[in-house]
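Observations on the model geometry
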Amino acid sequence: MTPTTLVFVYGSALFAVSLLGSSLPRRFQMTHTRTQMMLSLVSGLMLGVALLHLIPHSYAAFERIDSVMIWTLAGLVFMLLLLRWFHFHQHDFGAAAADCDLASGDSHDHAHAHDHAHPPDQSLGAAGLFAGLCVHTIVDGLALGAVLVSASADVGLAGAGVFLAILLHKPLDALSIETVMAATGSTPAARRLAGWVFALLCPLVLWLFYFGAAPYLALDLWLPATLAFSAGAFICIALGDLLPEVQFHSHDRVRLTLLFLLGIGLAMTLGWFEPAH
């Protein structure tokens, strides 16, 4: 498929999985074990994509390793500051799912009492989470757009590694917004609106970058810089946000480690479907 075709395919898929993530609490329970397994796989995949796809692509365009690493460091520091500022990921969905059910009107018998008064700082926390994840998804859209802009026509599955890393991570982000907004007392209408805005943002940035902004940019500078910046952001997310959330208990240590390595192996395998750097 040509890069233009892939823009529509990738963008549509990202929109669909984001909406799916928002609806997960209403479809099935995202248990602690399922979440840990997904985090392990996605962290390995994002780390592999950053080191095996984005940085080599950037170096092939820049041809200056110092410039590549400066932009990679900038992306890592930017995402680290974003995480520290908003602390925007919610990766333990058990308690939040219960609050989500209560907020949506579902009745359950609970053996313990819940305090459902939501102070203003919790509502602000939900707004900060939404803002942080929106910035995060903009970086994702730029990363995928940069890979597709750099690809020549008839390249097969260009950007497959970057796309898959974003695709698997996007439902967790959308689920974070849904559960935290529900736990802080947001109305179903507000949660649906936030879910749709978040689902549209990444494809919109991808399409605007590919069809709108990219032709007017100095691509010999900004394209490799965007790739390297995105690599730094991916490394920070994988090592500074996702992996610290994974609890390697004795009963699941081997399984979670294997899933992490599977994610790295998947990133390596996807390189066979992409054009040479």
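Residues numbered from 1 in each chain as written. Predicted model: local features only at pLDDT ≥ 70, side-chain atom pairs only at ≥ 80, totals over all residues. Heavy atoms only, no water.

1. With respect to the packing of aromatic side chains
- Considering all chains together, one arrives at 6 aromatic pairs under this definition.
- The interplanar angle of 45 degrees and the centroid separation of 5.6 Å between the aromatic rings of Phe8 and Phe211 together place this pair among those described as tilted. Of this pair, Phe8 sits in helix α1 (residues 3-27) while Phe211 is found in helix α7 (residues 188-213), placing the two residues 203 residues apart along the sequence.
- On the accessibility criterion, Phe8 (45% relative accessible area) is partly exposed.
- A ring pair is formed by Phe78 and Phe229, whose centres lie 5.5 Å apart and whose planes are at 45 degrees; its orientation type is tilted. Here the residue Phe78 occupies a position in helix α3 (residues 65-86), and Phe229 occupies one in helix α8 (residues 219-245), the gap between them amounting to 151 residues.
- Ring-pair connections join several aromatic residues into one group, and the members of that group are Phe8, Trp207, Tyr210 and Phe211. (Phe/Tyr/Trp six-rings, centres within 6.5 Å; stacked < 30°, edge-to-face > 60°. Helix = DSSP H or I, 4+ residues; strand = E, 2+ residues; numbered from the N terminus. Buried < 20%, exposed > 50% of the residue type's maximum accessible area, 1.4 Å probe, protein only.)

2. Concerning the pattern of salt bridges
- Under the criterion given, the structure shown has 2 salt bridges.
- Put simply, Lys170 and Asp140 hold a salt bridge, and the shortest N to O gap is 2.9 Å. Of this pair, Lys170 sits in helix α6 (residues 160-183) while Asp140 sits in helix α5 (residues 120-150), placing them 30 residues apart in sequence. Accessibility assignment for this pair places Lys170 and Asp140 in one class, buried.
- One salt bridge connects Arg191 with Glu178, and the closest N-O pair in it is separated by 2.9 Å. (Salt bridge = Lys/Arg side-chain N within 4 Å of Asp/Glu carboxyl O.)

3. Structural notes on the packing of helix α2 (residues 32-62) against helix α9 (residues 253-270)
- Two numbers describe how α2 lies on α9: the axes approach to 7 Å, and their chain directions differ by 35 degrees. In terms of crossing hand, the pair formed by α2 and α9 is right-handed.
- Its residues assigned to classes, the contact of α2 with α9 comprises 15 nonpolar, 8 polar and 1 charged. (Axes fitted to C-alpha atoms, helices over the stretch in contact; angles between N-to-C directions. Left-handed = near helix turned anticlockwise from the far one by under 90°. Nonpolar A, V, L, I, M, F, W, Y, C, P; charged D, E, K, R; others polar.)

4. Brief notes about α6
- The end-to-end C-alpha separation of α6 is 35 Å, in line with the 34 Å expected for 24 residues at 1.5 Å each.
- The largest bend in α6 comes to about 30 degrees, at His169, with the proline Pro171 one to four residues further on.
- Most of α6 sits out of view: 23 of its 24 residues are buried.
- The positive-phi residue at the C-terminal boundary of α6 is Gly185, with phi of around 90 degrees. (Expected span 1.5 Å × (residues − 1). Bend = angle between axes of the 7 residues up to and from the residue.)

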